[in-house]
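Read off the chains here:
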Amino acid sequence: SSQLRWVLALNGIYWFSLSGAQMTLLPLMLSDAARFGLTPAQIGGIFAAQSAVSVLGAAPAAMLADRVGPGRVIGPAMCTSAA
């Protein structure tokens, strides 16, 4: 259906931007001594915290999507992730 294609396209765009920005550029920016100068252990802690938030937030987000509908959850969730 067209709605499924829209969701799949939106999900693909999200993962493409996540892998390009967060997984590649964020560690480089955080290790730049002129900006932040974080150690590899500190950068690992930031990524661990992001993973913990994702794991802990998945169940409440799924319950909210079941309650109000996935269309009303996807957009704000993506905006929150981008911020």
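Residues numbered from 1 in each chain as written. Predicted model: local features only at pLDDT ≥ 70, side-chain atom pairs only at ≥ 80, totals over all residues. Heavy atoms only, no water.

## Quick word on the overall build of the protein
The line we're drawing: Helix numbers and strand numbers start at the N terminus; a helix is a DSSP run of H or I with at least 4 residues, a strand a run of E with at least 2. For a compact globule the rule gives 2.2 Å times the number of residues to the power 0.38, and the radius of gyration it is set against comes from C-alpha atoms. Remark: exposure states derive from per-residue accessible area (1.4 Å probe, protein chains only) relative to the maximum for the residue type, with buried under 20%, exposed over 50%, and partly exposed in between. Computed by Shrake-Rupley with a 1.4 Å probe, the accessible areas treat only the displayed protein chains as cover when residues are assessed.
Counting its secondary structure elements, the protein contains 3 helices and 0 strands. In sequence order, the protein lays out its α and β elements as α-α-α. A compact globule built from 83 residues should have a C-alpha radius of gyration of about 12 Å, whereas the protein, at 16 Å, is more than 25% larger. Reported as C-alpha extents along the three principal axes, the dimensions of the protein are approximately 50 × 25 × 15 Å. For the protein, the residues scored as buried account for 10% of the 83 residues in total. Summed over all atoms, the accessible surface of the protein reaches about 6300 Å², with 70% contributed by carbon and sulfur.

## Side note on the confidence of the model for the protein
Our working rule: Think of pLDDT as the predictor's per-residue confidence, scored from 0 to 100.
Predicted confidence across the protein gives a mean pLDDT of 85, with 99% of residues reaching 70 or more. Taking the mean pLDDT of every element in the protein, the minimum, 82, falls on helix α1 (residues 2–31) and the maximum, 89, on helix α2 (residues 40–68).

## Some details on the packing of α1 against α2
How we decide: Axis definition: a line fit to C-alpha positions, over the contact stretch in the case of helices; interaxial angles, taken between N-to-C directions, run 0 to 180 degrees. In what follows, roughly perpendicular refers to angles from 65 to 115 degrees, roughly parallel to angles under 35, roughly antiparallel to angles over 145, and oblique to any angle outside these ranges. Handedness of a crossing follows from how the near helix is turned relative to the far one, being left-handed for an anticlockwise turn of less than a right angle and right-handed for a clockwise one. Residue contacts follow a heavy-atom distance rule, with two residues in contact if any of their heavy atoms lie within 4.5 Å.
Two elements in contact, α1 and α2, have axes whose closest approach is 10 Å; the angle formed by their N-to-C orientations is 140 degrees. It follows from the interaxial angle that α1 and α2 lie oblique. Helix-helix and strand crossings are classified by hand; for α1 and α2 the assignment is right-handed. Between α1 and α2, the contacting residues are Gln-22, Met-23, Leu-26, Pro-27, Leu-30 and Ser-31 on the first element and Ile-43, Ile-46, Phe-47 and Gln-50 on the second.

## Points about the environment of Val-68
On the secondary structure map, Val-68 appears in helix α2. Through-space distance from the C-alpha of Val-68 to that of Pro-27 is 36 Å; in sequence the pair is 41 residues apart.

## Focus: the packing of aromatic side chains
Think of a pair of aromatic rings as described by two things: how far the centres are apart, and how the planes are tilted against each other in angle. Quick note on the threshold: For this analysis, a ring pair means two rings from Phe, Tyr or Trp (six-membered ring only for Trp) whose centres lie within 6.5 Å, classed as stacked if their planes differ by under 30 degrees, edge-to-face if by over 60, and tilted for the remaining angles.
For the coordinates displayed, the defined rule picks out 1 aromatic pair. Both rings, one in Tyr-14 and one in Trp-15, keep their centres 5.3 Å apart while their planes meet at 75 degrees; by these two values the pair is edge-to-face. The partly exposed category is assigned to Trp-15, whose relative accessible area is 48%.

## Description of a nonpolar patch on the surface
The condition that has to hold: Each patch is built from salt-bridge-free residues with over 30% relative accessible area, joining like charges within 9 Å and nonpolar side chains (Val, Leu, Ile, Met, Phe, Trp, Tyr) within 5 Å. Take a side-chain nitrogen of Lys or Arg and a carboxyl oxygen of Asp or Glu: if they are within 4 Å of each other, that pair is a salt bridge.
Side chains of Leu-25, Leu-28, Met-29 and Phe-36 sit close together on the surface and give an oily, nonpolar patch of about 410 Å² of accessible area. Positionally, Phe-36 belongs in the loop between α1 and α2.

## A few points about α1
Worth spelling out the cut-off: By definition here, a helix of n residues has an expected span of 1.5 Å times n minus one.
Helix length check: α1, at 30 residues, gives a terminal C-alpha distance of 43 Å against a target of 44 Å (1.5 Å per residue), a fit within 8%. Within the sequence span of α1, burial applies to Leu-18, Gln-22 and Leu-30. Looking at the buried residues of α1, the elements they touch are α2.

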